[in-house]
Amino acid sequence: MKITGIGRGIPDQVVTNHQLEQILDTSDDWIKSRTGISERRILTEQNLNELASNASAEALADAGLSGADIDLVLVATTMADYIFPNMASMITRHIGANCPAMDLHAACTGFLYGLQTANAYLKAGLARRVLLVGAEAISRLSDWNDRGTCILFGDGAGAVVLEEGDGLKSMHLSTQADDRVLFMHSQPGNSPYTKGHSHDKPGLTMEGQDVFRFAVSQCEKDLRTALELADMGMEEVDWVLLHQANSRIIETIKRRFNIDPKKVPSNIHRTGNTSAASIPLLLWELYHAGMLKPGQTLALSAFGAGLTSGACVMTWHKDAPKTLIPADDLLPQ
Ligand code: ACO
């Protein structure tokens, strides 16, 4: 498969660390030094469907296609506006498609799981063109009284069109089952027959340091496996796109591979952790900044609740768009 179109949808509302200082016992300095985040986008009146639909329409236009050309819509999300109908179905309505549509849930690794699923459909001949969206509004899952977690996340959606091609060089996905270090209970409902399922704590719960340790060690292992499967060394990779969860995790990975920092772009300072939307949103920025050139090699890596994780190596095929945006803050100066 190869990526032939890309789009994004981001909320209008920017929330800075200084704004969080007004509602939480925290500081810009603490958040920046522990996470690298300065601000994030948070959904207010809009719903997540709108962001995902806008991202999808832009990706289709970028690929020169219409909704009727798409054979499968996949949405990686943990936070669809509805439990059902799924978000993918709502997107088919927006883009004018009637093809199969399904959501998949692998938390922050969801976009990579989506790439793998799309690739399987393309290889099996079940689809010729797949629309894959990573869309999350973790701000709506967060416990806004928990300063250790709510400061980390932002909302957004990124979409890609995937068509047959030789872009995917390798993919490695894995799971280390754990419902202790990062979890959120579903709503218990009000069944009179349900016993012992009420949950006191709202929002997601995270043992930050355990997740941190998992992230750095698993991300390193996944990248090494994906490179080995592609029969490549890190020195042959042009861009390393890491899940934007924490700039200290990103720095650690750079050090472990001794990667040239100019190959590891990051937008976490403006986005926060957007979960399954994180990698496509970063990809969108690189593409629109004219940094991606046809023939370049990309390594992608993500991790999240599950604990799921994965990495892949792919070749970029698209020319840069005609109008470029500045990219001064995507790489270290
Ligand atoms: N502002 C000020 N102080 C804070 C804040 C805050 N926002 N949050 C926590 N603190 C305090 C704590 O209360 C604690 O105080 P104490 O020492 O008096 O008890 C102190 O800071 C240290 O807290 P820790 O939780 O130990 O801080 P740590 O250095 O581990 O940083 C962090 C926390 C940033 C969450 C880090 O552990 C991390 O980034 N982990 C990885 C998280 C991650 O990547 N998640 C991605 C997956 S999310 C998903 O898949 C949905």
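Residues numbered from 1 in each chain as written. Predicted model: local features only at pLDDT ≥ 70, side-chain atom pairs only at ≥ 80, totals over all residues. Heavy atoms only, no water.

Enquirer: Could you give me a rundown of empty space enclosed by the protein, with the residues and numbers involved?
Expert: If a probe the size of a water molecule is rolled over the atoms, the empty space left behind becomes visible. The full count for this structure, using the stated rule, is one cavity of 30 Å³ or more. Forming the boundary of the largest cavity are Cys108, Phe111, Leu112, His243, Ser275, Ala276, Ser278, Ile279 and Ala302. Put simply, the parts of the chain that give the lining of the largest cavity at least two residues each are helix 5 (110-123) and helix 10 (278-288). Across the lining of the largest cavity, the residue classes tally to six nonpolar, three polar and no charged. (1 Å grid on protein atoms, 1.4 Å probe; cavity = no way out; pocket = protein on both sides within 12 Å on 5 of 7 lines; lining within 4 Å. Points joined across faces, edges and corners; volume = space filled by probe spheres on them. Helix = DSSP H or I, 4+ residues; strand = E, 2+ residues; numbered from the N terminus. Nonpolar A, V, L, I, M, F, W, Y, C, P; charged D, E, K, R; others polar.)

Enquirer: Describe the packing of helix 3 (residues 48-63) against helix 4 (residues 87-95), and please don't skip the residues or the numbers.
Expert: Following both chains from N to C, one finds helix 3 and helix 4 inclined at 55°, their axes separated by 9 Å at the closest point. By the angle between their directions, the pair helix 3 and helix 4 is classed as oblique. The crossing of helix 3 and helix 4 is right-handed. Counted together, Leu48, Asn49, Ala52, Ser53, Asn54, Ser56, Ala57 and Leu60 of helix 3 and Met87, Met90, Ile91, His94 and Ile95 of helix 4 form the full contact between these two elements. For the contact of helix 3 with helix 4, the residue count by class is eight nonpolar, five polar and no charged. (Axes fitted to C-alpha atoms, helices over the stretch in contact; angles between N-to-C directions. Parallel < 35°, antiparallel > 145°, perpendicular 65-115°, else oblique. Left-handed = near helix turned anticlockwise from the far one by under 90°. Contact = heavy atoms within 4.5 Å.)

Enquirer: Run through the packing of helix 7 (residues 208-229) against helix 8 (residues 247-257), naming residues and quoting values.
Expert: One way to put it is that helix 7 packs onto helix 8 with a least axis distance of 10 Å and a crossing angle of 45°. In terms of axis orientation, helix 7 runs oblique to helix 8. Like other packed secondary-structure pairs, helix 7 and helix 8 cross with a definite hand, here right-handed. The residues of helix 8 that touch helix 7, namely those facing Phe212, Ala215, Val216, Ser217, Cys219, Glu220, Leu223, Arg224 and Leu227, are Arg248, Ile249, Thr252, Ile253, Arg256 and Phe257. Residues of the contact of helix 7 with helix 8, tallied by class, amount to nine nonpolar, two polar and four charged.

Enquirer: Could you give an account of the sheet that holds strand 13 (residues 306-315), naming the residues involved and the relevant values?
Expert: Spatially, the four strands line up as an open sheet ordered 8-13-12-11, and their pairing is mixed. Each of the sheet's edge strands pairs with one partner strand only, and the pair in question is strand 8 (168-178) and strand 11 (239-242). Across the sheet, the axes of successive neighbouring strands diverge by a mean angle of 10°, strand direction being ignored. Bridge analysis of strand 12 (residues 297-304) against strand 13 gives eight bridges, and the strand direction is antiparallel. The residue of strand 13 that forms the bridge with alanine 302 is glycine 310. (Pairing = 2+ DSSP bridges.)

Enquirer: Describe in detail the pattern of salt bridges, supporting the description with residues and values.
Expert: Following the criterion strictly, the structure yields 12 salt bridges and no others. Note that lysine 254 is salt-bridged to glutamate 251, the shortest N-O span being 3.0 Å. Of this pair, lysine 254 and glutamate 251 are both found in helix 8, three residues apart, which corresponds to roughly one turn of the helix. Between arginine 270 and aspartate 329 there is a salt bridge whose closest N-O contact spans 2.7 Å. Of the two residues, arginine 270 sits in helix 9 (residues 268-271) while aspartate 329 sits in the segment after strand 13, which places them 59 residues apart along the sequence. What emerges from the salt-bridge pattern is a single network uniting Arg180, Asp210 and Arg213. (Salt bridge = Lys/Arg side-chain N within 4 Å of Asp/Glu carboxyl O.)

Enquirer: Give a detailed account of unusual backbone geometry, specifying residues and quantitative values.
Expert: Of note, the bond from phenylalanine 84 into proline 85 is cis; its omega dihedral lies within 30 degrees of zero at 0°. If you trace the backbone, proline 85 turns up in the loop between strand 4 (72-76) and helix 4. Going from glycine 306 to leucine 307, the amide bond is cis rather than trans, its omega being -5°. Mapped onto the elements, leucine 307 comes out in strand 13. Positioned with a positive phi, alanine 107 is a non-glycine residue whose angle comes to about 50°. One can find alanine 107 in the loop between strand 5 (101-104) and helix 5. One non-glycine residue, asparagine 258, lies in positive phi territory at about 50°.

Interpretation note: all reported values are geometric properties and have no functional meaning in isolation.
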